[in-house]
Amino acid sequence: MRYAIQPRDTVGAQIAGTDDLFPIGRVFCVGRNYEAHAREMGKDPERDPPFFFTKFPDAYVPTGADVPYPPGTSNYHHEIELTVAIGKAGRNITEADAFGHIFGYATSLDMTRRDLQLDAREKGRPWDTGKSFEHAMPMAPIHLASETGKLVEGSIELKVNGEIRQTADLSELIWSVDEIIAHLSRLYTLEPGDLIMTGTPAGVGPVAAGDVLHGQVAGLTDLETRIVEAI
């Protein structure tokens, strides 16, 4: 047996303190998981069950790399997030056991073609074109959970050209990381290599070519990237 065409290469994310790479499988993203962000998006921040959308692995961009302004949009937004890397498979994981499935944590950006996302939302269509595209997930190196411990509080912040745009605390998540893992594992069997982006605070907004984005989550490596002209 052989493949009819050459399979695509596995996308590998940087791991802090090592030359090893984390093989990215699926990327799950939690929508509207901070109350203030839910309000700025025109939604009631009630604690309804979390909902998810996805990104392709090739959305990954390592910190320090340029991000080209994507095609098809004139309203390109930043969203700073804590990303959780899964290292142990599981289904129907309890909240109490969730931390044991975490490989590590990273500072990341959920870059969004906001005009496409909102148009799809208004028409009741999936968000894929607004959320999942090349270079849509800049991410700093993953820090091992065994070294950081469980991240339940600490600042999360994004600056654009040195100006603070987003700032909050991880304790403000509507659904905690443990709760997200438990809920998601009732819908999917989580596998090593999966990433979970846990949601963004208020303050999302547009960026343009030339802008420099600097993201920070307390205890993790900072993320920095520059928006450049479209390819």
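Before reading on, note that the structure itself is shown above.
Engineer: Can you explain helix H2 (residues 114–122)? Please cite residues and give values.
Structural biologist: Among the residues making up H2, those that are buried are Arg 114, Gln 117 and Ala 120. Taken around the axis of H2, the buried residues stretch over an arc of 130°, which confines them to a single face. Buried residues belonging to H2 abut strand E7 (76–78), strand E10 (112–113) and helix H3 (128–131).

Engineer: How would you sum up the sheet that holds E10? Please name residues and give values.
Structural biologist: As summarised here, the arrangement of the 3 strands in space is E10-E7-E16, forming an open sheet in which the pairing is antiparallel. On the outer flanks of this sheet lie E10 and strand E16 (205–206), each paired with one strand and no other. Note that E7 and E16 share 2 bridges and pair antiparallel. The partner of His 78 across the bridge, within E16, is Gly 205.

Engineer: Could you give an account of helix H5 (residues 177–184), naming the residues involved and the relevant values?
Structural biologist: For H5, the tally of buried residues reaches 8 of 8 residues, placing the bulk of the element in the interior. Of the positions making up H5, those classed as buried are Val 177, Asp 178, Glu 179, Ile 180, Ile 181, Ala 182, His 183 and Leu 184. For H5, the secondary structure elements touched by its buried residues are strand E3 (27–30), strand E4 (52–55), strand E8 (80–86), strand E9 (102–109) and strand E15 (195–197).

Engineer: Describe unusual backbone geometry, and please don't skip the residues or the numbers.
Structural biologist: Non-glycine residue Arg 32 carries a positive phi angle of around 45°. Along the polypeptide, Arg 32 turns up in the loop between E3 and helix H1 (35–40). Phi is positive for Asn 92, close to 55°, though the residue is something other than glycine. Of note, Asn 92 is situated in the loop between E8 and E9.

Engineer: Can you explain the side chain of Glu 157? Please cite residues and give values.
Structural biologist: For Glu 157, the location among the structural elements is in strand E13 (residues 155–160). Lys 159 provides the closest opposite charge to the buried, salt-bridge-free Glu 157, at an N-O distance of 4.2 Å. Not counting the four nearest positions on each side in its chain, Glu 157 is found in contact with Ile 80, Ile 164, Gln 166, Thr 167, His 214, Gly 215 and Gln 216.

Engineer: Tell me about the side chain of Asp 110, residues and numbers included.
Structural biologist: Here Asp 110 is to be found in the loop between E9 and E10. A polar atom in the side chain of Asp 110 sits 2.7 Å from the side chain of Lys 55. At 2.8 Å, the side chain of Asp 110 forms a polar contact with the side chain of Lys 131.

Engineer: Tell me about the environment of Ala 59, and name the residues and values.
Structural biologist: The topology assignment puts Ala 59 in the loop between E4 and strand E5 (60–62). The spacing of Ala 59 and His 135 is 76 residues in sequence and 4.5 Å in space, taken between C-alpha atoms. If near-sequence neighbours (up to four positions away) are discounted, Ala 59 is found in contact with Phe 133, His 135, Ala 136, Met 137 and Pro 138.

Engineer: Got a sec to walk through the pattern of salt bridges? Specific residues and values, please.
Structural biologist: On inspection of all chains with the given rule, the structure shows 9 salt bridges. Between Lys 55 and Asp 110 there is a salt bridge, and its shortest N-O distance comes to 2.7 Å. Remark: Asp 110 occurs in the loop between E9 and E10 and Lys 55 occurs in strand E4; sequence separation between them is 55 residues. Asp 110 gets classed as buried once you look at its relative accessible area, which sits at 0%. Note that Asp 178 is salt-bridged to Lys 150, the shortest N-O span being 2.9 Å. Of the two residues, Asp 178 is situated in helix H5 and Lys 150 in the loop between helix H4 (145–148) and E13; the sequence distance between them amounts to 28 residues.

Engineer: Requested: an account of the pairing of strand E14 (residues 163–169), with residues and values cited.
Structural biologist: Here E13 runs beside E14; their pairing, made up of 6 bridges, is antiparallel. Bridge pairing links Ile 156 to Ala 168 in E14. The hairpin formed by E13 and E14 contains 2 residues between the paired strands, and Asn 161 there has a positive phi angle of roughly 55°.

About the criteria used
- Residues numbered from 1 in each chain as written.
- Predicted model: local features only at pLDDT ≥ 70, side-chain atom pairs only at ≥ 80, totals over all residues.
- Heavy atoms only, no water.
- Buried < 20%, exposed > 50% of the residue type's maximum accessible area, 1.4 Å probe, protein only.
- Helix = DSSP H or I, 4+ residues; strand = E, 2+ residues; numbered from the N terminus.
- Arc of directions from axis to C-beta.
- Contact = heavy atoms within 4.5 Å.
- Pairing = 2+ DSSP bridges.
- Lys, Arg positive; Asp, Glu negative; His and termini not counted.
- Salt bridge = Lys/Arg side-chain N within 4 Å of Asp/Glu carboxyl O.
- Polar contact = N/O pair within 3.5 Å; in protein donor to acceptor, adjacent residues only side chain to side chain.

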